[in-house]
Amino acid sequence: MRFLILLLILLISSGAIADEINTYDESCKASIQKLGVALRLALKSAMEESGPVGALQTCNVEAVPITETISIEEGMIVSRTSLKTRNPKNAPDKWELAVLEQFEKGKISEFGEVVTDSEGHQTYRYMKAIPTAPLCLKCHGIDLDKDVSAKIAELYPEDKAVGFKTADIRGAFTIRKPLN
């Protein structure tokens, strides 16, 4: 009887955990949507005003403050990463690298799970792939304008985020939400 009660508690708890994870997923998706819209608006405006070179400058100056603001507003750490980073500060950690590799294989385009570190702290980790849109190719494509290449070299001397084609996975939005 005791075993059945424990099993029932476990089943009820796992349903509650699944509901909680669904809630995390939804809040992560909303945060990513918010970041994506804010970044696209800033880049679109810069692109219209001063072309790809201006968009690079805007991305260099505004992307981090926009991301930090959304992280604070949403109560989670929101950022971007890639296998081919433009800014080395956005290099993936071990967990992100494993997920990015699955994105590259086309097996998944988003993933989330609870991760427990060596000290027992739990964090909900979530990633959503960023596919390359045609507009992205002006700064991330194969045949870049010489002024764009020069600006990339100036702003991002360690850049690896070029050579993409439409629909390639350019990187991912990544979220960490501490749970305890």
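Being a predicted model, the structure only gives us computed values, none of them experimental.

Cut-offs used in this document
- Residues numbered from 1 in each chain as written.
- Predicted model: local features only at pLDDT ≥ 70, side-chain atom pairs only at ≥ 80, totals over all residues.
- Heavy atoms only, no water.
- Salt bridge = Lys/Arg side-chain N within 4 Å of Asp/Glu carboxyl O.
- Helix = DSSP H or I, 4+ residues; strand = E, 2+ residues; numbered from the N terminus.
- Buried < 20%, exposed > 50% of the residue type's maximum accessible area, 1.4 Å probe, protein only.
- Polar contact = N/O pair within 3.5 Å; in protein donor to acceptor, adjacent residues only side chain to side chain.
- Contact = heavy atoms within 4.5 Å.
- Pairing = 2+ DSSP bridges.

Now for the pattern of salt bridges. In this structure the tally under the stated criterion is 10 salt bridges. D159 is the salt-bridge partner of R86, the closest N and O atoms lying 2.8 Å from each other. In this pair, R86 is assigned in the loop between strand 1 (77-81) and helix 2 (94-104) and D159 in the loop between helix 4 (146-155) and strand 4 (169-178), connecting sequence segments 73 residues apart. A residue is classified by how much of its surface remains accessible, and R86, at 12% relative accessible area, is buried. Between K146 and D147 there is a salt bridge, with its nearest N and O atoms 3.9 Å apart. You can call K146 exposed: its relative accessible area is 67%. Note on D147: relative accessible area 45%, which makes it partly exposed. Salt bridges linked by common partners bring E26, K29 and E110 together as one network.

The subject of this paragraph is the side chain of S31. By secondary structure assignment, the location of S31 is in helix 1 (residues 2-74). Polar side-chain contacts of S31 include one of 3.2 Å to the side chain of E74. Setting aside its immediate chain neighbours within four residues, S31 contacts I70, E74, M76, V78 and I175.

What follows concerns unusual backbone geometry. Positioned with a positive phi, A167 is a non-glycine residue whose angle comes to about 80 degrees. Mapped onto the fold, A167 is located in the loop between helix 4 and strand 4.

Checked against the element boundaries, T81 lands in strand 1. At a separation of 2.6 Å, a polar atom in the side chain of T81 contacts the main-chain carbonyl oxygen of N90. The contacts of T81, once residues within four sequence positions are left out, are N90, A91, P92, E96, L100, M127, G171, A172 and T174.

Turning our eyes to something else, we now look at the pairing of strand 3 (residues 122-131). When you tally the buried positions in strand 3, you get seven out of 10 residues, the bulk of the element. As paired strands, strand 2 (residues 110-116) and strand 3 are joined by seven bridges and run antiparallel to one another. What sits directly across from E113, in strand 3, is R125. Counted between consecutive antiparallel strands, the loop separating strand 2 from strand 3 contains five residues, among which G120 sits at a positive phi close to 90 degrees. The sheet contact formed by strand 3 and strand 4 spans nine bridges and is antiparallel. Along strand 4, the bridge assignment pairs T123 with P178.

Function cannot be inferred from these measures alone, as they are strictly geometric.
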